[in-house]
Amino acid sequence: MGYGIQRYETAYLFGIYFTLFAIYAWVLNDSTTKEINYWLAVSIILRVILLFSIPALSDDFYRFIWDGRLLASGIQPFTHLPGYYLEQGNAVDGVNQFLYDHLNSKEYFTVYPPLAQIIFWFSAILFPDSILGSVVVMRILVLAAELGSLMLIKKLLPIFGLAPKNILIYALNPLVILELTGNLHFEAFIIFFLLLAIYFIYRSKIWQAGVTIGLSIGAKLLPLIFLPLFIIRMGIRRSVILYVAAAITIVFLFAPLLNAEVINGFSQSLGLYFKRFEFNASIYYLVREYGFYTKGYNTIQTVGWKLGVIAMVGILIISFWPFSFTRHEGKWKLTKKRSGSVNAWDEIPIAMMWVLFFYFLMTTTLHPWYLTTLLMLSIFTPYRFVIIWTAAVFLTYAGYTENGFYENGYLVVIEYILVIGYLVYEWIWRRRYTYQ
């Protein structure tokens, strides 16, 4: 899958992926505690095998290299669209027609935040003329983040009183291995820094947790949605310390970008995300079909940002919801959270999971690699619907052809029926589940 199959070769792609997923499911079901270290070693070997491959399932890495070469030449990639640099001739080393032709977002400003840009720059500095060289540098850093994540998961599971075997849910998941190490998606850094933040919180190192959350936001902006949930679980004093540390980190990372041209380009890219991009959505697709039926055209220009507002409101409700289900004398009861208590801290991963899940339901764009963060959070909860999702989401690759992409709506429907159906099953039987 790393070296010999293109993303438009659907039969080969699905045959191998779902075979891998069946083996993964078998390992999760039948492996013993004594075998955990063996399977962890296997998961690391599978990642290392991909070290020298050019990503086949995603072409985002071309934009990474484009941005890195601009930065290596002292140019902010946020200030101009890619076509501008070709109009200047070969004024920027390595920014050429070949690289431009492989960009999947020629008409958009870059949207990658500072920490990601630093990694792009580093890879371009080391290998200014080699695409494979830059890819290997970025992949080594992704691998380092993945190894760090596995170490942190291993440390955190006993803290939460969870079975050590839960680590295999993340470590061996084919989607995680292919999309992070294989396709160089920077969710690997989000996951590492979020895990580190959770670890610091349980060690009562609150300002360190704030710094690591700030770093996760520096890798991708998505973790911003988690910030409100700490108040009710950690108390105001600790939360303020965390927010101040995160804010200082974010300001430090974003300071080089604070000029009018950069802010304009970055904001335009974010605006287009809600007004133009659409892929593998759930609720948005239902609303879009209603728009076609009533208005006769695609209503994403108005619907996208409205769903964003609904997502924000839902996230705040989940974040500030003051009650939780606790088990007492064999019965589940709705009890009020004790702000700042260890029991409330236990709910941070599950609160993050529901916040992210709700956001995914509202978004207009849900790429497969987005689910890797959700899967990581789910291993600290009794819910396993995300495992089903990491299998079903791979159906979206059926839309790729040699000439482009056409989304198969029937496969999207199948994906969400499987995921929501299994989640409802888990909700109905939740009293039979334990964290083990």
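Residues numbered from 1 in each chain as written. Predicted model: local features only at pLDDT ≥ 70, side-chain atom pairs only at ≥ 80, totals over all residues. Heavy atoms only, no water.

Chemist: Give a description of the pattern of salt bridges that names residues and reports values.
Modeler: Summed over the entire model, instances satisfying the criterion amount to six salt bridges. Residue R7 is joined to D59 by a salt bridge in which the shortest nitrogen-to-oxygen separation is 3.3 Å. In this pair, R7 sits in the segment before α1 (10-30) while D59 sits in the loop between α2 (36-49) and α3 (60-72), placing the two residues 52 residues apart along the sequence. Taking the shortest distance from any N to any O, the salt bridge between E278 and R288 comes out at 3.2 Å. Separated by 10 residues along the polypeptide, E278 in the loop between α14 (260-275) and α15 (283-295) and R288 in helix α15 bring together distant segments of the chain. (Salt bridge = Lys/Arg side-chain N within 4 Å of Asp/Glu carboxyl O. Helix = DSSP H or I, 4+ residues; strand = E, 2+ residues; numbered from the N terminus.)

Chemist: Before we move on, could you go through the packing of aromatic side chains and cite the residues and values that matter?
Modeler: Both the distance between ring centres and the angle between the ring planes are used here to describe each pair of aromatic rings. For the structure on display, the rule yields 40 aromatic pairs. When the centroid spacing of 6.4 Å and the interplanar angle of 70° are considered together, the rings of W66 and Y85 count as edge-to-face. One end of the pair, W66, is in helix α3; the other, Y85, is in helix α4 (residues 82-87), and 19 residues separate them in sequence. We classify Y85 as buried; its relative accessible area is 4%. The interplanar angle of 75° and the centroid separation of 5.0 Å between the aromatic rings of W354 and Y383 together place this pair among those described as edge-to-face. With W354 in helix α18 (residues 348-362) and Y383 in the loop between α19 (371-378) and α20 (385-392), this residue pair connects regions lying 29 residues apart in the sequence. Each member of the pair, W354 as well as Y383, carries the same accessibility label: buried. Taken together, the ring pairs connect W354, F357, Y359, F360, W369, Y370, Y383, F385, W389, Y416 and W427 into an aromatic cluster. A cation over a ring is seen here: K106 above Y100, with NZ or CZ 5.6 Å from the ring centre. (Phe/Tyr/Trp six-rings, centres within 6.5 Å; stacked < 30°, edge-to-face > 60°. Buried < 20%, exposed > 50% of the residue type's maximum accessible area, 1.4 Å probe, protein only. Lys NZ or Arg CZ within 6 Å of the ring centre and 35° of its normal.)

Chemist: Explain α20 residue by residue, including any values.
Modeler: Across the eight residues that make up α20, a large majority, seven, are buried. If you check which residues of α20 are buried, you get F385, V386, I387, W389, T390, A391 and A392. Of the surrounding elements, those touching the buried residues of α20 are α1, α8 (167-171), α9 (174-182), α18, α19 and α21 (409-428). (Contact = heavy atoms within 4.5 Å.)

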